[in-house]
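Residue-level listing of the chains:
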Amino acid sequence: MAIEPRKPPSQLLPKLQRALGGSAGWSGFVIQLVFVAALAWIAYEIVANARANLQAQRITAGFGFMVNTAGFDVSQNLISYSGSDNYIRVFLVGLLNTLLVSVIGIFFATVIGFLVALGRLSPNWLLSRIAGGYVELIRNLPLLFQILFWYLAVLAALPNPRQSISVLDTFFLSNRGLVIPKPIGEPGFEPFVIALLIAIVAAIALWRYSRRLLFQSGKVIKVWPYALGLVIVLPLLATQIFGAPVKFEIPVLKGFNFSGGSRVIPEFVALTLALSTYTAAFIAEIVRAGILSVHKGQMEAGSSLGLQRGSVLRLIVIPQALRVILPPLTNQYLNLTKNSTLAVAIGYPDLVSVFAGTTLSQTGQAIEIIGITMGVYLVISLVTSAIMSFYGWRIGRSMG
Amino acid sequence: MKRVSLVLTLAVAAGLSAQAASAQTLKTVKDRGMLSCGVSQGLPGFSSPDDKGNWTGLDVDICRAIAAAVFNDPSKIKFVPLSAKDRFTALQSGEIDVLSRNTTWTLSRDTSLGANFTGVTYYDGQGFMVKKALKVNSALELNSASVCVQQGTTTEQNLADYFKGNNMKYEVIAFGTNDEAVKAYESGRCDVFTTDVSGLYADRLKLANPADHVVLPEVISKEPLGPMVRHGDDQWFDVVKWTLYAMITAEELGITQKNVDEMAKSDKPEMKRVFGTDGNLGEQLGLTKDWVSRIVKSVGNYGESFERNVGAGSKLGIARGINALWSKGGIQYAPPIR
């Protein structure tokens, strides 16, 4: 007797049931649906209420104000800006100032953080105590206090522009900041840059070639003198043929301040210093934890292969430690960016200061402006963590 | 501060719902038993706390007068210190009932903020303060100077207009609060500090050595300062508006804190209307018949408040100037109480 093979039960429905309702099944799905609907209703109520009340009180709403003339000036603008530009321009100026201080702050925080962590793990007693002292001192003092310290106590102790500390009468340091000669592009600028790029690409190719040779045949060839030579000689050659790439505009004291040259304003210096030293203290601990998480045997194995301490760290320990380091390191990068909003205390024109500050109080459109500002910080944070995730993914892949 | 403005903004977004548009502010204030008054974070002469924590100043007296008119008790006030950039949000969100914080009356503030100015407590103008050592005699000599300013004020825009109009270059550093701007000026970060002239005199007192600093003669703008209330509540608007007018009227009629009980017995028809012995003008405002004597008893008339807080008798020593009564060469003027 032939046995009819029984049809396997259809998996589709239970699967759907589990996917939508979890272990609770359809009733779970209904509960979730109600929950989401309630959330949507609350959101709708908030928006509708706010809109109705804004209208009733005749508070202007909408984003039309963005094209109005701003009518105020900003002390640091990376793109050209004057008081007759509109609020969109103000927004961009503030955003770029925020990004500038964040990127530079993150760079220095990372460098200082790694150095302090390595110092703290160093067998040298004095070095490790100094690094430990740095971490304990810096991370336990409030950030705002540190920003004000760098701004008021350190930078304000500098002389006024007339008595500024000058180097060769071209660099001037005063309580108005650091004034340096400003490079102005000449006809030879483009050939110079192109030559420099070619030299750098060639140097990288040389280095990769030497690596391949090392792995394939074990031959060690010194390439750095050639690479350095390339990077110096090629651009020099370009300047010989096409003329000087830049000329420098030397700052001169005129009236109250220096005119000409470029200036790094003290607000920027104070904020960057405070943010990077503060965040570095946290990064140092994260890096230290990461390094300690790598088994001691790895270090000993590296040493027994005859590698020096630096090479062991660079080739064996840190790549493994990075897996532990990266997620909390991303947190610190996000914190630094968000902490940069303390800028308003010392008059650094970041996004919150010029846009959520001056623009808000001039236009009174709090909801729109705070909304945009929150959106911007959200995007910056998401992009930062996306970049870090990508980096982590690459490391994970290269380690197999 | 940032957190405050964020919270306030969310309050505007969500909390406005609780605040019906035609809010009965007077009733709300009476039910609460307390007036919530937005003031500065410390501007001597206008609103600043003394060493015992009592708020005093011309702007504070407006709030005390309102509290006196409503509760017959000038101490039933919660003072809310606000930075320049947070003040309007605090008013919009209902955090405060009245903003009495040296705020300049402008068209755009009247129209786009959802608030109204009720009158002018002090006619001011923007000026500059510099160190005497710089030997500057006029604001027109300030080309290329660095200027410290408080953010979120009309000052920032006047400054841009003035330097642009006179073809002068300058660098502006804008701080979140007035104190931070003054501190940066004192530390030498800026050559110039700018705000309303009255503010310059007040802030100069805070400097380590006031005599080393000089206020330049130029006044570059009109800054009529006055209290603000939310749109959409005409009764409350009237109460705040007429509180100031009651103080000015009292000065016009020679009613002072000392002689107020004496004057209340007067037979003159005008006095009878003001003191409510004839008619019910105070009740029409939603107050009591004796609202004017309550106000004058607690803070005095406008002239007395001026002299006590900013005038010749105070540390600031500012002359009455255009803030004198219209009958004495100034422009302070109250519509008739009748």
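The structure this text deals with has already been given above.
A.B. asks: I tried to follow the overall build of chain A on my own but got confused; where do I start?
C.D. replies: Within chain A, the secondary structure is distributed over 12 helices and eight strands. What you see for chain A is a C-alpha radius of gyration of 29 Å, clearly larger than the 21 Å of a compact globule of 400 residues, by over 25%. Along the first, second and third principal axes, the C-alpha atoms of chain A reach 100 × 80 × 50 Å. In chain A, which comprises 400 residues, the share counted as buried stands at 30%. Considering only intrachain contacts with a sequence separation of at least 6, the fraction spanning at least 24 residues in chain A is 66%.

A.B. asks: Before we go on, may I ask you to explain the packing of helix α8 (residues 266-293) of chain A against helix α10 (residues 309-339) of chain A in this structure?
C.D. replies: Packed helices, taken two at a time, are described by their axes: the angle between them and the distance between them. Residues and elements named next belong to chain A. For the pair α8 and α10, interaxial distance at closest approach is 8 Å and the crossing angle is 155°. With respect to α10, the axis of α8 lies roughly antiparallel. In this structure, α8 meets α10 at a crossing whose hand is right-handed. On α10, the residues that touch L275, T279, F282, I283, I286, V287, A289, G290, I291 and S293 of α8 are V317, A321, L322, V324, I325, P328, L329, Q332, N335, L336 and N339. Considering only residue class, the contact of α8 with α10 consists of 15 nonpolar, six polar and no charged.

A.B. asks: Sorry, what's going on with the sheet that holds strand β10 (residues 170-175) of chain B here?
C.D. replies: Residue and element names in this part refer to chain B. Taking strand neighbours across the sheet as the criterion, the five strands line up as β10-β9-β11-β8-β12 in an open arrangement whose pairing is mixed. Both outer strands of the open sheet, β10 and β12 (213-215), are each paired with one neighbouring strand and no more. The average angle at which neighbouring strand axes cross in this sheet is 30°, direction not considered. Two elements, strand β9 (residues 145-150) and β10, share six bridges in a ladder whose sense is parallel. By the bridge assignment for β10, S146 is matched with E171.

A.B. asks: Help me understand the interface of chain B and chain A in this model?
C.D. replies: Bring the parts together and some accessible area is lost; that lost area is often taken as the interface size. Listed per partner, the contact involves 44 residues of chain B and 42 residues of chain A. When contributions to the side of chain B that touches chain A are tallied by element, the ones reaching two or more residues are α1 (2-15), α4 (87-92), β9, α6 (154-165), β10 and α7 (178-186) of chain B. Split by residue class, the side of chain B that touches chain A holds 16 nonpolar, 18 polar and 10 charged.

A.B. asks: Where do I start with the sheet that holds strand β2 (residues 171-174) of chain A in this structure?
C.D. replies: Two strands in a sheet stick together by hydrogen bonds in their backbones, pointing the same way (parallel) or opposite ways (antiparallel). Residue and element names in this part refer to chain A. Spatially, the four strands line up as an open sheet ordered β1-β2-β3-β8, and their pairing is antiparallel. Both edges of this open sheet fall to β1 (165-167) and β8 (262-264), since each of them pairs with a single strand only. Adjacent strand axes in the sheet meet at a mean angle of 15°, parallel and antiparallel pairs treated alike. With three bridges connecting them, β1 and β2 associate as antiparallel partners. Across the sheet, I165 pairs through a bridge with L173, a residue of β2.

A.B. asks: Just to check I follow, could you spell out the pairing of strand β8 (residues 126-131) of chain B for this structure?
C.D. replies: On any regular strand, side chains alternate: one points to one face of the sheet, the next to the other face. All names here are of chain B. Most of β8 is tucked away, with six of its six residues classed as buried. Residues Q126, F128 and V130 line one face of β8 and the alternating positions G127, M129 and K131 line the opposite face, and both faces are buried. Relative to strand β11 (residues 192-196), β8 runs antiparallel, the two being bridged by five bridges. Its bridge partner being in β11, F128 is matched across the sheet by T194. With three bridges connecting them, β8 and β12 associate as antiparallel partners. When the bridges of β12 are listed, V130 appears paired with V214.

A.B. asks: Mind showing me how you'd approach helix α11 (residues 351-363) of chain A here?
C.D. replies: Spacing of three or four residues puts side chains on the same side of an α-helix, whose turn is 3.6 residues. All names here are of chain A. Taking 1.5 Å of rise per residue, the 13 residues of α11 would be expected to cover 18 Å, yet its terminal C-alpha atoms sit only 16 Å apart, more than 12% below that figure. The buried fraction of α11 amounts to 13 of the 13 residues, a majority that puts the element mostly inside the structure. One or two positions beyond α11, positive phi appears at G364, with a value near 75°.

A.B. asks: Help me understand the pairing of β9(B) in this model?
C.D. replies: Residues and elements named next belong to chain B. The buried fraction of β9 is high, at six of six residues. Alternating residues of β9 divide into A145, V147 and V149 and S146, C148 and Q150, and every residue in both groups is buried. The pairing of β9 with β11 spans two bridges and is parallel. Pairing of C148 across the sheet is with F193, part of β11.

A.B. asks: Where do I start with the environment of A:I165 in this structure?
C.D. replies: Of note, A:I165 is situated in strand β1. C-beta crowding within 10 Å serves as the criterion here: with 11 such atoms nearby, A:I165 is assigned to the exposed category.

Here is what the cut-offs are and how they apply
Residues numbered from 1 in each chain as written. Chains lettered and ligands numbered in written order. Predicted model: local features only at pLDDT ≥ 70, side-chain atom pairs only at ≥ 80, totals over all residues. Helix = DSSP H or I, 4+ residues; strand = E, 2+ residues; numbered from the N terminus. Rg over C-alpha atoms; globule rule 2.2 N^0.38 Å. Buried ≥ 20, exposed ≤ 12 C-beta atoms within 10 Å, placed from the backbone. Contact = placed C-beta atoms within 7 Å. Axes fitted to C-alpha atoms, helices over the stretch in contact; angles between N-to-C directions. Parallel < 35°, antiparallel > 145°, perpendicular 65-115°, else oblique. Left-handed = near helix turned anticlockwise from the far one by under 90°. Nonpolar A, V, L, I, M, F, W, Y, C, P; charged D, E, K, R; others polar. Pairing = 2+ DSSP bridges. Expected span 1.5 Å × (residues − 1).

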